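Listed below, chain by chain, are the residues.
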Amino acid sequence: MWSVDEVKKKVSEHKLVVFAKGTKEQPMCGFSHRAIHVMNLLGKPFEVINIFDDPSIRPALVEAFEWPTTPQVFVNGELLGGSDIVLEMYESGELQSKVDAAFAGA
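The structure contained in this document is the topic of the report that follows. (Residues numbered from 1 in each chain as written. Predicted model: local features only at pLDDT ≥ 70, side-chain atom pairs only at ≥ 80, totals over all residues. Heavy atoms only, no water.)

Before going further, it helps to examine the side chain of Asn50. With respect to the helices, strands and loops of the structure, Asn50 is situated in strand S2 (residues 47-50). Asn50 gets classed as buried once you look at its relative accessible area, which sits at 10%. Reaching out from Asn50, the side chain makes a polar contact with the backbone nitrogen of Phe52 at a distance of 2.9 Å. Each residue touching Asn50, except ones within four places of it in the same chain, is listed here: Ala20, Lys21, Gly22, Thr23 and Ile57. (Helix = DSSP H or I, 4+ residues; strand = E, 2+ residues; numbered from the N terminus. Buried < 20%, exposed > 50% of the residue type's maximum accessible area, 1.4 Å probe, protein only. Polar contact = N/O pair within 3.5 Å; in protein donor to acceptor, adjacent residues only side chain to side chain. Contact = heavy atoms within 4.5 Å.)

As structure tokens, then:
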């Protein structure tokens, strides 16, 4: 059973985390596919948490970060948003800067 604390712990344990519908290898919706694709373009290790693995993940995630949709992309503990926001950030170069900063000195 996932709790708000468990969600926040997962976010803090990884520099890049995507809560998605599906896995890295098999996203189960177009938005999750897009978010995972953008993360792959960055060339850095990232964690994908499949919200379908446990029905308690999504409600805990929504409660923890007050963002009602998935995917949810986090860089260095910061919620960036969903696939559209992450794609826009990637296209502008802002996402690469945030990711590079997260991995600086790692």
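Here the residue pair Thr70 and Pro71 is connected by a cis peptide bond, since its omega of 10° sits within 30 degrees of zero. Structurally, Pro71 is set in the loop between helix H3 (57-65) and strand S3 (72-75). A positive phi is found at Glu66, a non-glycine position, where the angle reads about 50°. The topology assignment puts Glu66 in the loop between H3 and S3. Judged by its relative accessible area of 70%, Glu66 falls in the exposed class. In this structure, Asn76 is a non-glycine residue whose phi angle is positive, near 55°.

What follows is about the pairing of strand S1 (residues 16-20). Consecutive side chains of a regular strand alternate in pointing toward one face of the sheet and then the other. Of all the five residues making up S1, five are buried; the element is thus mostly covered by neighbouring parts of the structure. Alternating residues of S1 divide into Leu16, Val18 and Ala20 and Val17 and Phe19, and every residue in both groups is buried. Note: S1 against S3, four bridges, orientation antiparallel. Residue pairing in the sheet places Val17 in a bridge with Phe74 of S3. Sheet topology places S1 next to S2; four bridges connect them, and they run parallel. Paired with Ala20 across the strands is Asn50, a residue of S2. Handedness of the S1-helix H2 (residues 30-42)-S2 crossover: right-handed. (Pairing = 2+ DSSP bridges. Right-handed = clockwise from strand over helix to strand, strands pointing away.)

Function-wise, these values are silent; they only describe arrangement.
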